[in-house]
Amino acid sequence: MKRQTLWTYDYTVITIGSFISLVGNALSNFALSLLVLDYTGSTFLYMLFSVSFQLPVMICPVLAGPYLDRMSRKKAIYTLDFLSAGIYALLFLLLRGGWFSYAGLLAVSFLTGAIDGVYMVAYDSFYPNLITGGNFQKAYSVYGLLADLSGLASPLAAVLYYRLGGAAPLIAINAISFLI
């Protein structure tokens with residue numbers, strides 16, 4: 001019996017796209033953290049910024065599941081990616097224009113946390129459908145490796161943050177990564 005290939009078209013697209021998004025998120029999340037600390041100088045306000053992202057990440061999956069059961073996971077993933085691209089593009093334009101607002105950044109953080117929470121449910125329920133029989137261990141090993149490798153973008157983000165003049169260019173990279 002011949003084993004089916006892991007690297008089907010759909011699996012390849014979702015894997016490459018996921019890696020690009022993971023790297024973009026690592027860059028922008030690190031940059032936003034530095035931006036909040038540089039702007040406020042407060043670890044408490046940084047913690048509040050972090051909680052504003054993590055809270056919806058924990059709550060939204062519970063609420064999103066029943067709605068995602070009635071729709072295409074693939075469409076949900078693409079829609080959420082394009083929505084994220086738009087949010088990060090808008091954030092880039094606001095930062096570039098000097099319109100930084102801590103309260104606005106908290107709102108963006110909450111919104112992107114909610115998107116990530118819903119995205120996790122859609123992705124985690126769609127991903128196994130893309131893996132051909134007998135390849136689950138390989139597929140999840142590949143994903144784990146790519147997730148770990150994307151973490152290497154954080155030190156790069158620190159260098160780029162200061163070399164490129166702040167968070168805005170890294171936010172633009174994230175917007176582009178979501179479009180890809």
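Bear in mind the structure is a predicted one, so any value in this text is a computation, not a measurement.

**Regarding the overall build of the protein**
Right, so step 1: Helix and strand counts for the protein stand at seven helices and zero strands.
Right, so step 2: By the compact-globule yardstick of 16 Å for 180 residues, the protein fits well, its C-alpha radius of gyration being 17 Å.
Right, so step 3: Counting only C-alpha atoms, the protein reaches 60 × 35 × 25 Å along its principal axes.
Right, so step 4: The burial tally for the protein puts 41% of its 180 residues in the buried class.
Right, so step 5: Partitioning the contacts of the protein with sequence separation of at least 6, the portion at a separation of at least 24 is 86%.
Right, so step 6: Summed over all atoms, the accessible surface of the protein reaches about 10100 Å², with 70% contributed by carbon and sulfur.
Right, so step 7: On the protein, the mean spot of the 9 positive side-chain charges and the mean spot of the 7 negative ones are 9 Å from each other.

**Points about helix H1 (residues 9–40)**
Right, so step 1: The terminal C-alpha atoms of H1, which comprises 32 residues, lie 46 Å apart, in line with the 46 Å expected from a rise of 1.5 Å per residue.
Right, so step 2: Positive phi appears at glycine 41, one or two residues downstream of H1, with a value of about 70°.

Calculation criteria
Residues numbered from 1 in each chain as written. Predicted model: local features only at pLDDT ≥ 70, side-chain atom pairs only at ≥ 80, totals over all residues. Heavy atoms only, no water. Helix = DSSP H or I, 4+ residues; strand = E, 2+ residues; numbered from the N terminus. Rg over C-alpha atoms; globule rule 2.2 N^0.38 Å. Buried < 20%, exposed > 50% of the residue type's maximum accessible area, 1.4 Å probe, protein only. Contact = heavy atoms within 4.5 Å. Areas by Shrake-Rupley, 256 points an atom, 1.4 Å probe, with all protein chains shown as cover. Lys, Arg positive; Asp, Glu negative; His and termini not counted. Charge placed at Lys NZ, Arg CZ, Asp CG, Glu CD. Expected span 1.5 Å × (residues − 1).

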